[in-house]
Amino acid sequence: MKKSALILTFVFSSLLLLLTISGLAHTQSPANADPVFILPGREPIDSGGGSLDLPVDDLSDAGRQAIQAELNQNMAQLAVDGLLMTDETTAVSLSWPLSASNGLDDYGYHGISGFVDHDSRYGYLLDYACGDRTYDVVGYNHKGTDFFTWPFAWNKMDNDEVVVVVAAPGTIIGKRDGNYDRSCAMNNGDWNAVYVRHNDGSIAWYGHLKNGSLTSKSIGDTVITGEVLGVVGSSGSSTGPHLHLELYTNATFTTLVDPYSDNCNTSSSWWQAQRPYDDSAVNKVMTGSAPVEWTTCPNPTIINEKTEFVGGDDIYFTTFYRDQLAGQTSQYTIYQPNGSIYDRWTGSISAEHYASSWWWWGYSLPADAMSGDWTFEVVFNGQTYETTFQVSSYIHITAPAGIVFWQPGSVMSITWQDNLPGDVQIDLLKSGIVSTTLALATPSDGSYVWTIPMSSSIGLGYQIRIADVTDTAVSATSQHFAIGSQEQFDNLFLPLTLK
Ligand SMILES: [Zn+2]
């Protein structure tokens, strides 16, 4: 399917191409085949999800040869200047070439969209593990590893949230910056890239970087593992933000390296710690005010993330996966602030593999949804992921209301509703401070009958307060009234919703 989309690329015009592989989401419904909801009466109001088209790239032979010529010229000059390291025999050991930045604290931020294609014939795909997670186009066999950012690749690029870092130390032998970085199609444009020669003479190409984000270091400067080279972008012939990492054993550029090792690439792995072929994980769990709105390339996604709610709001729970496989069951749980389960369900996909997928369910929170910190938890592939959201508290006092006479000996019925997770206390305040606690540890949504003592001092400045026993700042307080007077209040208790 991936392959046929790429064939289209070269048959139709670039306008159609943009529509075909511009990174538009394709969605599926119903989401996550056959979810099973544990608690009756808690069915979601809506659900959805799907997988995104993955970014691909293209580098013409002419473009590749031009880069190689430029790098050889630079290296010749560096050798003259004595800036090229003597080749060492120690094999290169690659660290992960991406890093989260600028406050991004999601569980994950990447996926692999394409490995090196080991079958040089057009239309035949073979990755290092004998699978087909690679691509080719006419005249181009994918020669690198593509790391895409996920979810919200354009937002991440705009916010500099995922940076390309040096995978193995060496010397910068080339830099290319200043090129357009929001490509949505194969366009034969120049990319922004940094080229690093390792101390064993091997060479790494870090391509498609964001315009203007490149390291300020110059050709001839050395770089160490983990050092930032730039921001993941979509410069050059590319359909979306990703890093293309391409490796060669030496400056002749005749021997391409696939850093991954398995049955269809039996040379030893170049990774310090090679990640699994199916690196199944959750990148992000999120609550929102609406489903995510995927936009056309290269516009940032309308994420609709939200973490603060009041009872009655609609809330959307979304999970973003990488390498989600058939047979992997996710267990989703919504916990109320007191730890009890609001709802729990499971789901799995029927498709064999999604490099990037997302699934969401929308709920209408009940009007009396418990106040406090709720948790949305996803258990997937042996790992637990979670996010919290807040529901605001309220205490609505419903009686006494209207015209009330506060006389010693009067029987006052005080009633209220709240959404607090625990008990409330009822206090009589005089001049703003607690004069008497009338009732302690009273369950939520209750009533309390208060007989005003005959011994009460006549006077002004009284208030009734109903407060959370664990935090009396969470409270509703009446207007001031006088005991023993004939004062009347039309609105003794003002409706209150508290944060
Ligand atoms: Zn690539």
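Draft legend 1. Focus on the side chain of Asp-200. With respect to the helices and strands, Asp-200 occurs in the loop between strand S11 (193–198) and strand S12 (203–207). Look at Asp-200: it is buried, it has no salt bridge, and the nearest opposite charge is Arg-197 at 7.1 Å. Side chain to side chain, Asp-200 and Ser-202 meet in a polar contact 2.6 Å long. The residues touching Asp-200, leaving out its near neighbours within four places in the chain, are Asp-87, Glu-88, Thr-90, Ala-91 and Val-92.

Draft legend 2. Examining the state of the cysteines more closely. Applying the stated criterion across every chain, the model contains 2 disulfides. A disulfide bridge connects Cys-130 with Cys-264, and the sulfur atoms are separated by 1.9 Å. Here Cys-130 and Cys-264 share a disulfide; its torsion about the S-S bond, 105°, makes the bridge right-handed. Here Cys-264 lies in the loop between strand S16 (256–257) and strand S17 (281–288) and Cys-130 lies in the loop between strand S5 (110–114) and strand S6 (136–137), a separation of 134 residues in the sequence. Taken in sequence order, the bonded cysteines of the protein link in the pattern 1-3, 2-4.

Draft legend 3. Here's a closer look at the sheet that holds strand S4 (residues 98–100). Spatially, 3 strands are ordered S4-S9-S14 in an open sheet, and the strand pairing comes out antiparallel. Taken across any chain shown, the strands that pair with only one partner, and hence form the sheet edges, are S4 and strand S14 (228–231). Neighbouring strand axes in the sheet, compared pairwise and without regard to direction, differ in orientation by 35° on average. Inspection of the sheet shows strand S9 (residues 162–165) paired to S14 by 3 bridges, in the antiparallel sense. Directly across from Val-165, in S14, lies its bridge partner Val-228.

Draft legend 4. Molecular detail of the side chain of Ser-280. You can see Ser-280 is positioned in the loop between S16 and S17. Classification of Ser-280 by relative accessible area gives buried; the value is 11%. Polar side-chain contacts of Ser-280 include one of 3.0 Å to the side chain of Gln-328. With near-sequence residues (within four places) excluded, Ser-280 lies in contact with Arg-322, Asp-323, Leu-325, Gln-328, Phe-380 and Asn-381.

Draft legend 5. Region of the structure containing unusual backbone geometry. In this chain, Trp-150 is followed by Pro-151 through a cis amide linkage whose omega measures 0°. If you trace the backbone, Pro-151 turns up in the loop between strand S8 (145–149) and helix H4 (153–158). Here the amide bond leading from Cys-297 into Pro-298 is cis, since omega sits at 5°, within 30 degrees of zero. Within the fold, Pro-298 resides in the loop between S17 and strand S18 (308–309).

Draft legend 6. Quick look at the coordination of the zinc ion. Asp-57 (OD), Asp-57 (OD), His-142 (NE2), Asp-146 (OD) and His-244 (ND1) make up the full set of protein donors to the zinc ion, lying at 1.9 to 2.8 Å. Read in sequence order, the donor residues for the zinc ion give the motif D-x84-H-x3-D-x97-H. One end of the pair, Asp-146, is in strand S8; the other, His-244, is in strand S15 (residues 242–248), and 98 residues separate them in sequence. One exposure class covers both Asp-146 and His-244, and it is buried.

Draft legend 7. Quick look at the pattern of salt bridges. Evaluation of the coordinates by the stated rule reveals 16 salt bridges. When the shortest N-O distance is used, the salt bridge between Arg-64 and Glu-246 registers 3.0 Å. Remark: Glu-246 occurs in strand S15 and Arg-64 occurs in helix H3 (residues 61–80); sequence separation between them is 182 residues. Across the salt bridge formed by Lys-217 and Glu-227, the nearest N and O atoms sit 2.8 Å from each other.

Definitions and limits used
Residues numbered from 1 in each chain as written. Predicted model: local features only at pLDDT ≥ 70, side-chain atom pairs only at ≥ 80, totals over all residues. Heavy atoms only, no water. Helix = DSSP H or I, 4+ residues; strand = E, 2+ residues; numbered from the N terminus. Buried < 20%, exposed > 50% of the residue type's maximum accessible area, 1.4 Å probe, protein only. Lys, Arg positive; Asp, Glu negative; His and termini not counted. Salt bridge = Lys/Arg side-chain N within 4 Å of Asp/Glu carboxyl O. Polar contact = N/O pair within 3.5 Å; in protein donor to acceptor, adjacent residues only side chain to side chain. Contact = heavy atoms within 4.5 Å. Disulfide = S-S within 2.5 Å. Pairing = 2+ DSSP bridges. Axes fitted to C-alpha atoms, helices over the stretch in contact; angles between N-to-C directions. Donors = N, O, S within 2.8 Å, 3.2 Å for Na, K, Ca; no water.

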